[in-house]
Amino acid sequence: MRATAVAQPNIALIKYWGKRDVARNLPAVGSLSITLRDLTTSMQVELDRDATCDGLTVNGVEDSAMLPRLSQCLDRVIGPERAHARIESQCNFPVAAGLASSASAFAAATVAAAAAAGKEYDQSMLASLAGHASGSAARSLYGGFVELANTDAGIEVRTLRPAADWPLVVVIAITETGPKAVGSTEAMEISRKTSPFYSSWVAQQDADLDIARAAVELRDFDKLADVAEHNCLKMHSIMWASRPPLVYWNAATMRCMETVRELRHAGCGVFFTIDAGPQVKAVCQPEDAARVEAALTATTGVKDVMTSGLGDGARLVAER
Ligand code: DP6
């Protein structure tokens, strides 16, 4: 009746932005990501027939904001007749600031809830259930370099290459610690409905995925760097051209991009990517990580820097 799972956030190099089916939360485009190792979310789910409602604490503090989405996630994983749940989440990084905290939270919650209820789902079913809660969460079920493909039936997620095979490092420059103004779910719909660039984004995504998949297969860093930065800037162009405009960057975000560009021109193996928030994720070759970390720490406006290797997918750590 009680189970705990751990998951890490993932960073998309080829982004998911837009839905083809809002009710089933199916993405309009495939995506490709790397799962992190050192930023973790642990979720304990305890089912209690005597409880009268679900409850959630995040790092020991009661949290009502995320509870409705988590309750719906548990309904889908366990079934609507389920017992109420006490959910305890521990997160070692800032939540809701564009660091993909919902991806690790829903991945861990899905795995923990299924185990607590004695459901024996396979990995792809768990990924679909997590993806129904939050599209990017489906990718955190898997480790290393992960592709999420759109199929007629839904989504298909797989590891293209395990983390140990190509141990890249991600340096995250935190430029703002507060929650973001518009959440991804709402922002994607604004883009789909109003951005003049949205349809060409969807049309071009398979080509970017082909290039990125080949780059991962060949461990071709420069090829991956070029397509990932291009794909990220395309996604932000759609956001900027939405009505109302969705601009997640601040001045420090721009400065970090400049820092990364300068490092790259100076011969460092590094590229940037940015999600629906102001933080900059610099993906680098392990031998260049210390230099990247120092340069981003010294960039004006950077409040903190976090570094992570690549890691495994969501997993069960305790069950009773
Ligand atoms: C910019 O997975 O948070 O990080 O499915 O509505 O929960 P929902 O969206 P979410 O969106 C992630 C958007 C992104 C790009 C990405 O991770 O692919």
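Shown above is the structure to which this text applies.
Throughout what follows, the structure given in this document is the object of discussion. Please read these numbers as outputs of a predicted model, since none were measured by experiment.

Regarding the pattern of salt bridges
This structure, assessed with the given rule, holds 19 salt bridges. Asp275 is the partner of Lys15 in a salt bridge, and the nearest nitrogen-oxygen pair spans 2.6 Å. Of this pair, Lys15 sits in the loop between β2 (10-14) and β3 (19-21) while Asp275 is found in the loop between β13 (270-273) and β14 (280-284), placing the two residues 260 residues apart along the sequence. Judged by relative accessible area, Asp275 falls into the buried class, the value being 15%. Each of Arg2, Glu46, Asp48 and Arg86 takes part in a single network of salt bridges with overlapping partners.

Comments concerning helix α4 (residues 184-194)
Taken together, the buried positions of α4 are Ala187, Met188, Glu189, Ile190 and Ser191. Buried residues along α4 sit against β3, α5 (198-218) and α6 (221-240).

Observations concerning the state of the cysteines
Summed over the entire model, instances satisfying the criterion amount to zero disulfides. Unpaired in this structure, Cys73 has its nearest cysteine sulfur neighbour in Cys91, at a distance of 16 Å. Overall, the relative accessible area of 1% leaves Cys73 in the buried class. Cysteine Cys268 is unpaired, with the sulfur of Cys284 as its nearest cysteine sulfur at 7.5 Å.

Notes on the site of the ligand
Close contacts around the ligand come from 18 residues, with Tyr16, Lys19, Ser134, Gly135 and Ser136 the closest. Between Gly135 and the ligand, the recorded distance is 2.6 Å, taken from a backbone N or O atom to an oxygen atom. Here an oxygen atom of the ligand sits 2.7 Å away from a polar atom, N or O, in the side chain of Arg139. Relative to its unbound accessible area of 460 Å², the ligand is 93% covered by the protein chains.

Considering the nonpolar core
Looking at soluble globular proteins, one finds that nonpolar side chains tend to be buried together. Core analysis: the largest hydrophobic core is formed by 43 residues, its most contacted members being Val45, Ile87, Leu141 and Val157. Ranked by residue count, the leading element in this core is helix α2 (residues 101-116), at eleven residues. Setting aside its immediate chain neighbours within four residues, Ile87 contacts Met43, Gln44, Val45, Gly55, Leu56, Thr57, Leu67, Leu70 and Leu74. Formed by 36 residues, the second largest nonpolar core is a distinct cluster that contains Val260, Ala276, Val292 and Leu296.

Points about the sheet that holds strand β1 (residues 2-7)
Read across the sheet, six strands follow the order β8-β7-β9-β6-β1-β16 without closing on themselves; strand pairing throughout is mixed. Only two strands of the sheet have a single partner each, and these edge strands are β8 (61-62) and β16 (315-319). Two elements, strand β7 (residues 55-58) and strand β9 (residues 84-91), share four bridges in a ladder whose sense is parallel. Directly across from Gly55, in β9, lies its bridge partner Arg86.

Re the sheet that holds β2
Taken in spatial order, the four strands make up an open sheet running β2-β5-β10-β11, and their pairing is antiparallel. Single-partner strands in this sheet number two, and they are β2 and β11 (155-161). Each strand of the sheet is rotated relative to its neighbour by a mean of 30 degrees, with strand direction disregarded. In this structure, strand β5 (residues 31-35) lies alongside strand β10 (residues 145-150), joined through four bridges in antiparallel fashion. Residue Ser31 lies in a different strand from β10, and its bridge partner there is Leu148.

Looking at the packing of helix α1 (residues 67-78) against helix α3 (residues 123-133)
For any two helices packed against each other, the geometry is given by the interaxial angle and the distance between the axes. It is at 9 Å that the axes of α1 and α3 come closest, and there the two elements cross at 150 degrees. Judged by the angle between their axes, α1 and α3 are roughly antiparallel. Of the two elements, α1 crosses α3, and the hand of that crossing is right-handed. For the pair formed by α1 and α3, the contact residues are Arg69, Cys73, Arg76 and Val77 on the first element and Leu129, His132 and Ala133 on the second.

A look at unusual backbone geometry
A cis amide bond links Arg243 to the next residue, Pro244, at an omega of -5 degrees. Position of Pro244 among the secondary structure elements: in the loop between α6 and α7 (251-265). Residues other than glycine seldom take positive phi values, yet Asn25 does so here, at roughly 50 degrees. Topologically, Asn25 is positioned in the loop between β3 and β4 (26-27). Given the relative accessible area of 9%, Asn25 is considered buried. Residue Asn59 is not a glycine yet carries a positive backbone phi of 50 degrees. Along the polypeptide, Asn59 turns up in the loop between β7 and β8. Taking relative accessible area as the criterion, Asn59 reaches 40% and is therefore assigned partly exposed.

Reading guide: rules and limits
- Residues numbered from 1 in each chain as written.
- Predicted model: local features only at pLDDT ≥ 70, side-chain atom pairs only at ≥ 80, totals over all residues.
- Heavy atoms only, no water.
- Salt bridge = Lys/Arg side-chain N within 4 Å of Asp/Glu carboxyl O.
- Helix = DSSP H or I, 4+ residues; strand = E, 2+ residues; numbered from the N terminus.
- Buried < 20%, exposed > 50% of the residue type's maximum accessible area, 1.4 Å probe, protein only.
- Contact = heavy atoms within 4.5 Å.
- Disulfide = S-S within 2.5 Å.
- Near = heavy atom within 4 Å.
- Polar contact = N/O pair within 3.5 Å; in protein donor to acceptor, adjacent residues only side chain to side chain.
- Areas by Shrake-Rupley, 256 points an atom, 1.4 Å probe, with all protein chains shown as cover.
- Core = buried A, V, L, I, M, F, W, Y, C linked by side-chain atoms within 4.5 Å.
- Pairing = 2+ DSSP bridges.
- Axes fitted to C-alpha atoms, helices over the stretch in contact; angles between N-to-C directions.
- Parallel < 35°, antiparallel > 145°, perpendicular 65-115°, else oblique.
- Left-handed = near helix turned anticlockwise from the far one by under 90°.

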